[in-house]
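A closer look at the structure
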Amino acid sequence: MSRRSFTSLWTKAFKRSMSAATRSSVAVGKRVVNRAIQDAVARSQPPPGEGDWLAGMALGLKGARRFRLYRPPGVKTGERLPLLVMLHGCGQDARSFAVSTRMNRVAARERFLVLYPEQDRLANAQGCWNWFDTDGGRAYGEAALIMNAVDQACLLYPVDPARIAIAGLSAGASMAALLVTRHPERFKAVVMHSGIPPGTAHSGMSALGAMRGRRATLPLAATPLSMATTWPPLMVIHGGTDTMVSASNGRAAVQVWADAADAQAGPSRTVQRGKRYPMTVTDFKRKGNLVATLVEIGSLGHAWSGGAAGQPFSDAKGPDASRMVWAFAAKQFRA
């Protein structure tokens, strides 16, 4: 075979290979684009159930954050409703957190508004709130953006500003607690589900140690008097088989609240509802007033207890955390 014929055959084979590779790349690209479009469409759809799923944007010195607000059906003119702020965990967004926790269903029945601030993936690739980055200032900047979302909700929707509570899962729980340390007077209750108490980490590296339960927690900048008059009571829900955030963080969170208030732990009680996991509940009180409640669920991992089945970071076998969150908040609203 002549050199020219060999070169011609090689060129044709190369072109066929390149053509096949191009078609394959285009097909993969189309699938990726289609998947991204489908995910975007899914995220824009409201969670199942009655009521309004409203979009908003909070602006601040550290940028902007989207949020969603759930409004139950049948709100009357002039009516003012409680507001529950819900902060999602890593790998979640506002919609997936609402679907997983089914908090909107509780809100429709009990008649309250739910605000779901949403972390930007440009701020954290995993969608985690940067609660730990106090040295760099990102934690405080994000806390300010969440407060801007709360203020906007109070301005635009029928919120009773005297009845606001906040709850979160994992990184969202840690951010919720941090936010309360900066604005304790704005909230009547705070619930941490599988989170880390404020004052335990200050950077990404220290956050890893905190997640494993290897870091001490600094005292709160509060006194028994300020705790009694300004700070909201804390509920902590934590799983005993959590391999992502050590259960010792839950105990540290209630202890730092109790120490600041000079509160003492009462006797623990075991509670089990139906076939759900049993839980051990301990209240910390000062002069008869509740300061903190620790709910330890021995068989629960790193997941929202009693959440929707089949959802990430959700365990349908656990006691219903959404009901517990609302019951705890509603009790403080009545106090």
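This text gives an overview of the structure that appears in the document. (Residues numbered from 1 in each chain as written. Predicted model: local features only at pLDDT ≥ 70, side-chain atom pairs only at ≥ 80, totals over all residues. Heavy atoms only, no water.)

Attention shifts here to the layout of surface pockets. The calculated volume of the largest pocket comes to roughly 620 Å³. Along the walls of the largest pocket sit 27 residues, with Met227, Ala228, Trp231, Pro232 and Pro233 positioned nearest its centre. Sorting the residues of the lining of the largest pocket by element identifies strand 5 (159-169), helix 7 (224-229), helix 8 (248-261), strand 11 (289-297) and helix 9 (321-334) as the ones contributing at least two each. Top element by residues in the lining of the largest pocket is helix 7. It accounts for four residues. Residue composition of the lining of the largest pocket, by class: 16 nonpolar, four polar and seven charged. The volume enclosed by the second largest pocket comes to roughly 400 Å³. Lining the second largest pocket are 19 residues, and of these Met235, Arg269, Val281, Thr293 and Phe328 sit closest to its centre. (1 Å grid on protein atoms, 1.4 Å probe; cavity = no way out; pocket = protein on both sides within 12 Å on 5 of 7 lines; lining within 4 Å. Points joined across faces, edges and corners; volume = space filled by probe spheres on them. Helix = DSSP H or I, 4+ residues; strand = E, 2+ residues; numbered from the N terminus. Nonpolar A, V, L, I, M, F, W, Y, C, P; charged D, E, K, R; others polar.)

Bringing the nonpolar core into the picture now. If you look at the biggest cluster of nonpolar residues, it comprises 59 residues, and the most contacted ones within it are Leu83, Leu115, Ile166, Met227, Leu234 and Trp257. Ranked by residue count, the leading element in this core is helix 5 (residues 171-182), at eight residues. Residue contacts for Leu115: discarding those within four places in its chain leaves Phe67, Arg68, Leu69, Leu83, Leu84, Val85, Met86, Ala149, Val150 and Ala153. Judged by nonpolar contacts, the second largest core, of 35 residues, contains Val114, Ala189, Val191 and Ala330. (Core = buried A, V, L, I, M, F, W, Y, C linked by side-chain atoms within 4.5 Å. Buried < 20%, exposed > 50% of the residue type's maximum accessible area, 1.4 Å probe, protein only. Contact = heavy atoms within 4.5 Å.)

What follows deals with unusual backbone geometry. Of note, Arg111 is a non-glycine position whose phi angle comes to about 65°, a positive value. Its location among the elements puts Arg111 in the loop between helix 3 (103-110) and strand 4 (113-117). The class for Arg111 is partly exposed, based on a relative accessible area of 26%. Here the phi dihedral of Phe313 falls at roughly 55°; this positive angle occurs in a residue that is not glycine. Relative to the helices and strands, Phe313 is located in the loop between strand 12 (304-305) and strand 13 (314-315). A relative accessible area of 31% means that Phe313 is categorised as partly exposed.

What follows is about empty space enclosed by the protein. Tallied over the entire structure, the rule returns two cavities of 30 Å³ or more. Counted as a void, the largest cavity has a volume near 60 Å³. Together, Thr101, Arg102, Arg105, Val106, Arg109, Gly306, Asp320, Ser322 and Arg323 line the largest cavity. Counting residues per element, the ones that place at least two in the lining of the largest cavity are helix 3 and helix 9. Among the elements that line the lining of the largest cavity, the one with the most residues is helix 3, at three residues. Of the residues in the lining of the largest cavity, the class split is one nonpolar, three polar and five charged. The volume enclosed by the second largest cavity comes to roughly 40 Å³. Around the second largest cavity, the lining residues are Pro46, Pro47, Pro48, Gly49, Glu50, Gly51, Asp52, Trp53, Tyr70 and Asn104. Taken together, the residues of the lining of the second largest cavity sort by class into five nonpolar, three polar and two charged.

Moving on to the state of the cysteines. With the rule as written, the count across this model stands at one disulfide. One disulfide bridge connects Cys90 with Cys128, the sulfur atoms lying 2.0 Å from each other. With the S-S dihedral at roughly 130°, the linkage between Cys90 and Cys128 falls on the right-handed side. Here Cys128 lies in the loop between strand 4 and helix 4 (138-156) and Cys90 lies in the loop between strand 3 (81-87) and helix 2 (94-101), a separation of 38 residues in the sequence. Overall, the relative accessible area of 26% leaves Cys90 in the partly exposed class. The class for Cys128 is buried, based on a relative accessible area of 11%. (Disulfide = S-S within 2.5 Å.)

This brings us to the pattern of salt bridges. Per the stated rule, a full pass over the model turns up eleven salt bridges. For the salt bridge of Glu118 with Arg66, the shortest nitrogen-to-oxygen distance reads 3.2 Å. Separated by 52 residues along the polypeptide, Glu118 in the loop between strand 4 and helix 4 and Arg66 in strand 2 (residues 63-71) bring together distant segments of the chain. Exposure remark for Glu118: the relative accessible area of 13% places this residue in the buried category. On the basis of relative accessible area, Arg66 is assigned to the partly exposed category, the value being 42%. Here Arg251 makes a salt bridge to Glu296, at a shortest N to O gap of 3.4 Å. Of this pair, Arg251 sits in helix 8 while Glu296 is found in strand 11, placing the two residues 45 residues apart along the sequence. (Salt bridge = Lys/Arg side-chain N within 4 Å of Asp/Glu carboxyl O.)

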